[in-house]
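Structure assessment
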Amino acid sequence: MPLTPSLFIVPTPIGNLGDITLRALEVLKKVDLVLAEDTRKSGLLLKHFGISQSMQSFHNFNEHRKVAQLIEKMHKGEKMALISDAGTPGISDPGFLLVRECLKNDIPIECLPGPTAFIPALVKSGFSLDRFVFEGFLPHKKGRLSRLQKLNQDERTMVFYESPHRLIKTLKQLAEHLGPERRASVSRELTKIHEQTITSCLKDIITYYSEHKVRGEFVIVVEGKKTK
Ligand code: SAM
């Protein structure tokens, strides 16, 4: 396969290593440099697939400093692949800034399709998929309440990412603003051994998680406001 673009956005598994795509492996092997959120973690992933590659770290804390130098290298013909710790770069992960700067500088980009946590959670929820909104992580402080208030009238299915230690707080605030009877679906540890999805009203999901250990990674999907 000829490697035409300069920057490849390469999704990596969100748990099950079997979810890597053939094209992801091929691109990771062939590029000149892999940009990784965490070179140690991604080094293990590449090693698992027998790939030995030059790697550089590219994360939220150094992306602003690094972007100009990377663009210059791509202008000179270097091919790069961007990966994050898990899933699709740019989806609640670094990526946006580099993509925007590549576009500004006429550097061709290709984004490979592949794993991302919100799609399986959304599809498993059983809620309408005609229209949905990806909310990612709610802001921790500033803007959190106004975001929740705006969502109150939203008729689209909503998707949130959440960490285990904020799960109950977020579920309680969703119940407060959207109503305790609003239906939701919480998917945990997608593609992993302990994968589990609970679909019920927010009130019951809160009760469940108040009685069970909150462990792992979570996607919350909430049904949109029903129109009568
Ligand atoms: N780039 C990733 C993607 O494409 O989904 C998301 C990265 S974000 C930093 C991490 C969040 O994604 C977690 O806090 C969780 O909300 C969600 N997530 C990632 N892997 C997951 C999994 N296996 N099961 C459930 N949620 C997951």
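All of the points below concern the structure found in this document. (Residues numbered from 1 in each chain as written. Predicted model: local features only at pLDDT ≥ 70, side-chain atom pairs only at ≥ 80, totals over all residues. Heavy atoms only, no water.)

1. What about the layout of surface pockets?
Quantified by volume, the largest pocket comes out at close to 770 Å³. Ile-14, Asp-85, Ala-86, Gly-87 and Glu-217 are the residues nearest the centre of the largest pocket, which is lined by 33 residues in total. Put simply, the parts of the chain that give the lining of the largest pocket at least two residues each are helix H2 (39–48), strand S7 (157–162), strand S8 (183–188) and strand S10 (218–222). With three residues, H2 is the single largest residue contributor to the lining of the largest pocket. (1 Å grid on protein atoms, 1.4 Å probe; cavity = no way out; pocket = protein on both sides within 12 Å on 5 of 7 lines; lining within 4 Å. Points joined across faces, edges and corners; volume = space filled by probe spheres on them. Helix = DSSP H or I, 4+ residues; strand = E, 2+ residues; numbered from the N terminus.)

2. So, the site of the ligand
In the region of the ligand, 18 residues are neighbours, and Ile-91, Asp-93, Thr-116, Tyr-161 and Phe-218 sit closest. Here an oxygen atom of the ligand and a side-chain polar atom of Thr-116 are 2.6 Å apart. Considering the ligand on its own, with 580 Å² of exposed area, one finds that the protein chains cover 90% of that surface. Spatially, the ligand is embedded in the largest pocket. Looking at which domains feed residues into the shell around the ligand, each of domain 1 (7–111) and domain 2 (118–222) gives three or more. (Near = heavy atom within 4 Å. Polar contact = N/O pair within 3.5 Å; in protein donor to acceptor, adjacent residues only side chain to side chain. Areas by Shrake-Rupley, 256 points an atom, 1.4 Å probe, with all protein chains shown as cover. Sits in = over half its atoms within 2 Å of the grid points. Domains from an automatic or database assignment.)

3. Regarding helix H8 (residues 202–211)
Three or more residues of H8 are buried, namely Leu-202, Ile-205, Ile-206 and Tyr-209. For H8, the angular spread of the buried residues around the axis is 105°, confining them to a single face. Looking at the buried positions of H8, the neighbouring elements they touch are helix H7 (167–178), S8, strand S9 (196–201) and S10. (Buried < 20%, exposed > 50% of the residue type's maximum accessible area, 1.4 Å probe, protein only. Arc of directions from axis to C-beta. Contact = heavy atoms within 4.5 Å.)

4. Focus: the nonpolar core
One broad rule of soluble globular proteins: the nonpolar side chains tend to lie buried together. Phe-160, Leu-171, Leu-174, Val-186, Tyr-209, Ile-220 and Val-222 are the most contacted members of the largest nonpolar core, which has 21 residues in total. Contributing elements (two or more residues each) for this core: helix H6 (144–151), S7, H7, S8, H8 and S10. Element by element, the count of residues in this core is highest for H7, at five residues. Once residues lying within four places of it in the same chain are set aside, the contact partners of Leu-174 are Leu-148, Phe-160, Gly-179, Leu-202, Ile-220 and Val-222. Ranked by size, the runner-up nonpolar core spans 16 residues in total, among them Leu-25, Val-27, Val-31 and Leu-46. (Core = buried A, V, L, I, M, F, W, Y, C linked by side-chain atoms within 4.5 Å.)

5. Structural notes on the environment of Gly-50
Topologically, Gly-50 is positioned in the loop between H2 and strand S3 (55–57). For the pair Gly-50 and Ile-198, spaced 148 residues apart in sequence, the C-alpha separation works out to 37 Å.

6. Some details on the pairing of strand S6 (residues 132–136)
As defined by bridge partners, S6 adjoins S7 across four bridges and the pair is classed as parallel. Residue pairing across strands places Phe-132 opposite Thr-157, the latter belonging to S7. One crossover worth recording links S6 to the parallel S7 by way of H6, and it is right-handed. (Pairing = 2+ DSSP bridges. Right-handed = clockwise from strand over helix to strand, strands pointing away.)

7. A word on the pattern of salt bridges
Pairing between side chains of opposite charge can happen when the charged atoms of each approach one another. What the rule picks out here adds up to 14 salt bridges. Between Lys-41 and Asp-85 there is a salt bridge; the shortest N-O distance is 3.5 Å. Of this pair, Lys-41 sits in helix H2 while Asp-85 sits in the loop between strand S4 (80–83) and helix H4 (96–104); the two residues are 44 residues apart in sequence, bridging distant segments of the chain. The exposure class of Lys-41 is partly exposed, given its relative accessible area of 41%. Among the residues examined, Asp-85 registers a relative accessible area of 32% and is labelled partly exposed. Taking the shortest distance from any N to any O, the salt bridge between Lys-104 and Glu-101 comes out at 3.0 Å. Taken together, the residues span about one helical turn, with Lys-104 and Glu-101 both in helix H4 at a distance of three residues. Exposure remark for Lys-104: the relative accessible area of 57% places this residue in the exposed category. For Glu-101, a relative accessible area of 16% gives the class buried. Through salt bridges with shared partners, a single network forms among Arg-100, Glu-101 and Lys-104. (Salt bridge = Lys/Arg side-chain N within 4 Å of Asp/Glu carboxyl O.)

8. A closer look at the sheet that holds S4
If you walk across this open sheet you meet the five strands as S3-S2-S4-S1-S5, and the pairing is parallel. Whereas interior strands pair on both sides, the edge strands pair on one side only; in this sheet they are S3 and strand S5 (109–111). With strand direction ignored, the average angle separating the axes of adjacent strands in the sheet is 25°. Helix H1 (residues 22–30) rests against strand S1 (7–9), strand S2 (33–36), S4 and S5 of the sheet, and its axis sits at about 125° to S4. (Axes fitted to C-alpha atoms, helices over the stretch in contact; angles between N-to-C directions.)

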